[in-house]
Amino acid sequence: MGSKEKSDISTLLDKLLYRVSGLQGVLITDRDGVVLAKAVHPSHSIDDSAIENSLAATFAVASDQASKLHHGKNKSITSFFNDRVLVHITVPPLVVGFIALPSANVGMILALTNEIQNALSGLSDDVLSMQDL
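This text gives an overview of the structure that appears in the document.

Reading guide: rules and limits
- Residues numbered from 1 in each chain as written.
- Predicted model: local features only at pLDDT ≥ 70, side-chain atom pairs only at ≥ 80, totals over all residues.
- Heavy atoms only, no water.
- Helix = DSSP H or I, 4+ residues; strand = E, 2+ residues; numbered from the N terminus.
- Buried < 20%, exposed > 50% of the residue type's maximum accessible area, 1.4 Å probe, protein only.
- Contact = heavy atoms within 4.5 Å.
- Areas by Shrake-Rupley, 256 points an atom, 1.4 Å probe, with all protein chains shown as cover.
- Pairing = 2+ DSSP bridges.
- Salt bridge = Lys/Arg side-chain N within 4 Å of Asp/Glu carboxyl O.
- Core = buried A, V, L, I, M, F, W, Y, C linked by side-chain atoms within 4.5 Å.
- Axes fitted to C-alpha atoms, helices over the stretch in contact; angles between N-to-C directions.

## Some points on the overall build of the protein chain
Argument step 1. Along its length, the protein chain carries 6 helices and 5 strands.
Argument step 2. When the elements of the protein chain are put in sequence order from the N terminus, they spell out α-β-β-α-α-β-β-β-α-α-α.
Argument step 3. The burial tally for the protein chain puts 40% of its 133 residues in the buried class.
Argument step 4. Within the protein chain, contacts between residues separated by at least 24 positions form 53% of all contacts whose residues are at least 6 apart in sequence.
Argument step 5. Carbon and sulfur atoms form 53% of the exposed surface of the protein chain, whose accessible area is close to 7300 Å².

## Considering the pairing of strand S5 (residues 94–100)
Argument step 1. Along S5, 7 of the 7 residues are buried, which leaves the element largely enclosed by surrounding structure.
Argument step 2. In terms of strand pairing, strand S1 (residues 23–30) meets S5 through 7 bridges, oriented antiparallel. Bridge pairing in S5 links Gly-25 to Ile-99.
Argument step 3. Linkage of strand S4 (residues 85–91) to S5, two consecutive antiparallel strands, is achieved through a turn of 2 residues.

## Focus on the pattern of salt bridges
Argument step 1. Going through the model one piece at a time under the given rule, you end up with 1 salt bridge.
Argument step 2. Between Arg-19 and Glu-115 there is a salt bridge whose closest N-O contact spans 2.8 Å. Taken together, the residues Arg-19 in helix H1 (residues 3–19) and Glu-115 in helix H5 (residues 113–119) connect sequence positions 96 residues apart.
Argument step 3. Look at Glu-115 and you get partly exposed, because its relative accessible area is 33%.

## A few points about the pairing of strand S3 (residues 76–80)
Argument step 1. In this structure, S3 lies alongside S4, joined through 5 bridges in antiparallel fashion. Bridge pairing in S4 places Thr-78 opposite Val-87.
Argument step 2. Where S3 folds back onto S4 in an antiparallel hairpin, the turn is made up of 4 residues.

## Topic: the nonpolar core
Argument step 1. If you look at the biggest cluster of nonpolar residues, it comprises 27 residues, and the most contacted ones within it are Leu-23, Ile-28, Val-96, Phe-98, Ile-116 and Leu-120.
Argument step 2. Of all the secondary structure elements, the ones that give two or more residues to this core are H1, S1, strand S2 (35–40), S4, S5, helix H4 (106–111) and helix H6 (121–131).
Argument step 3. Broken down by element, the residue count for this core peaks at 5 residues, all from H1.
Argument step 4. Setting aside its immediate chain neighbours within four residues, Ile-28 contacts Ile-9, Leu-13, Val-34, Val-35, Leu-36, Ala-37, Leu-94, Val-95, Val-96, Leu-120 and Leu-123.

## Thoughts on the side chain of Ser-124
Argument step 1. On the secondary structure map, Ser-124 appears in helix H6.
Argument step 2. According to the relative accessible area criterion, Ser-124 is buried, its value standing at 4%.

## Things to note about the sheet that holds S2
Argument step 1. In spatial order, the strands read S2-S1-S5-S4-S3; together these 5 strands make up an open sheet with antiparallel pairing. Unpaired on one side and paired on the other, S2 and S3 mark the two borders of the sheet. For this sheet, the mean angle separating the axes of adjacent strands, direction not counted, is 10°.

## Here's the deal with the environment of Val-106
Argument step 1. By the secondary structure assignment, Val-106 is in helix H4.
Argument step 2. Beyond its immediate sequence surroundings of up to four residues, Val-106 is in contact with Thr-78, Phe-80, Val-85 and Val-87.

Here it is, written out as structure tokens:
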């Protein structure tokens, strides 16, 4: 990933943190859970383990299984917990994870899917080309 592309992705993630009320963090990983980019809202205190272990690798497996339900390819999974909501969307071969407060507008997060897919198309292509090596 070039420095301009990296900067553009960091800027996108930072902007997302302020567009969705209650959004605490956003991360981009590959299907194995390797973090490629992340951003944490400065007013929220979440530790790195909450970000790094946000089930990104597990999402990939669960998404594949959900796709076998004969309703088409799974695009996202939302998990509600006592203290947070995790939203994972797939941007093949990437996974974008959102960590939010339970009061966050999940519909608004999901509505960002097309914008995020467009913004990450270059990174997706780069990761796909690396996987082909």
